Amino acid sequence: MSDRAEKRRVLTEEDLTFIVEQLSIFDAYPGVVPWNRAELWAAVMDLHMTAKTRADREAFAELVGALRVLDVLERHFLRK
């Protein structure tokens, strides 16, 4: 193995759960414990479908941004 592969940091599902728990933006949404990507995305998409105000749409945009970051963490650093 190369030095780079040996130094690569990895995350566990417990790590991702902890990260999501620390983000207050997800407090109102299920699927955090244990980390469940599909449930979080479903809850956020439900917000999009029921958004009636500008604040709801802004909250949706913020949640999507946070989920995209979490998806990158999962894709690149989660131990499979």
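Everything in this summary refers to the structure shown in the same document.

## Focus on the packing of helix H2 (residues 13–22) against helix H4 (residues 54–77)
Argument step 1. Contact geometry of H2 with H4 gives a least axis separation of 11 Å together with a crossing angle of 165 degrees. The angle between the axes of H2 and H4 places the two elements in the roughly antiparallel class. Crossing of H2 over H4 shows right-handed handedness. Contacts between H2 and H4 involve Leu16, Ile19 and Val20 from the former and Leu70, Leu73 and Glu74 from the latter.
Argument step 2. Classifying every residue of the contact of H2 with H4 by side-chain character gives five nonpolar, no polar and one charged.

## Focus on the pattern of salt bridges
Argument step 1. Counted according to the given criterion, the structure contains three salt bridges.
Argument step 2. Linking Arg37 and Glu74 is a salt bridge whose minimum nitrogen-to-oxygen distance equals 3.6 Å. Taken as a pair, Arg37 in helix H3 (residues 37–50) and Glu74 in helix H4 lie far apart in primary sequence, 37 residues in all.
Argument step 3. Ionic pairing is found between Glu58 and Arg54, a salt bridge with its closest N-O pair at 3.0 Å. Here the residue Glu58 and the residue Arg54 both occupy positions in helix H4, the gap between them amounting to four residues, near one helical turn.
Argument step 4. Each of the salt bridges in this network shares a partner with another, and the network as a whole consists of Arg37, Asp71 and Glu74.

## A word on the nonpolar core
Argument step 1. With 18 residues, the main nonpolar core has Phe26, Leu40 and Leu67 as its most contacted residues.
Argument step 2. At the level of elements, H2, H3 and H4 are the ones that each hand at least two residues to this core.
Argument step 3. Tallying contributions element by element places H4 first for this core, with six residues.

## Points about the packing of H3 against H4
Argument step 1. Look at H3 against H4: their axes get within 9 Å of each other, and the N-to-C directions meet at 160 degrees. With respect to H4, the element H3 is oriented roughly antiparallel. The chirality of how H3 crosses H4 is left-handed. Judged by residue contacts, Arg37, Leu40, Trp41, Val44, Met45, Leu47, His48 and Thr50 of H3 engage Asp56, Ala59, Phe60, Leu63, Val64, Leu67, Arg68, Asp71 and Glu74 from H4.
Argument step 2. Residues of the contact of H3 with H4, tallied by class, amount to ten nonpolar, two polar and five charged.

Cut-offs used in this document
- Residues numbered from 1 in each chain as written.
- Predicted model: local features only at pLDDT ≥ 70, side-chain atom pairs only at ≥ 80, totals over all residues.
- Heavy atoms only, no water.
- Axes fitted to C-alpha atoms, helices over the stretch in contact; angles between N-to-C directions.
- Helix = DSSP H or I, 4+ residues; strand = E, 2+ residues; numbered from the N terminus.
- Parallel < 35°, antiparallel > 145°, perpendicular 65-115°, else oblique.
- Left-handed = near helix turned anticlockwise from the far one by under 90°.
- Contact = heavy atoms within 4.5 Å.
- Nonpolar A, V, L, I, M, F, W, Y, C, P; charged D, E, K, R; others polar.
- Salt bridge = Lys/Arg side-chain N within 4 Å of Asp/Glu carboxyl O.
- Core = buried A, V, L, I, M, F, W, Y, C linked by side-chain atoms within 4.5 Å.
- Buried < 20%, exposed > 50% of the residue type's maximum accessible area, 1.4 Å probe, protein only.

As far as function goes, none of this settles anything; it's purely spatial.
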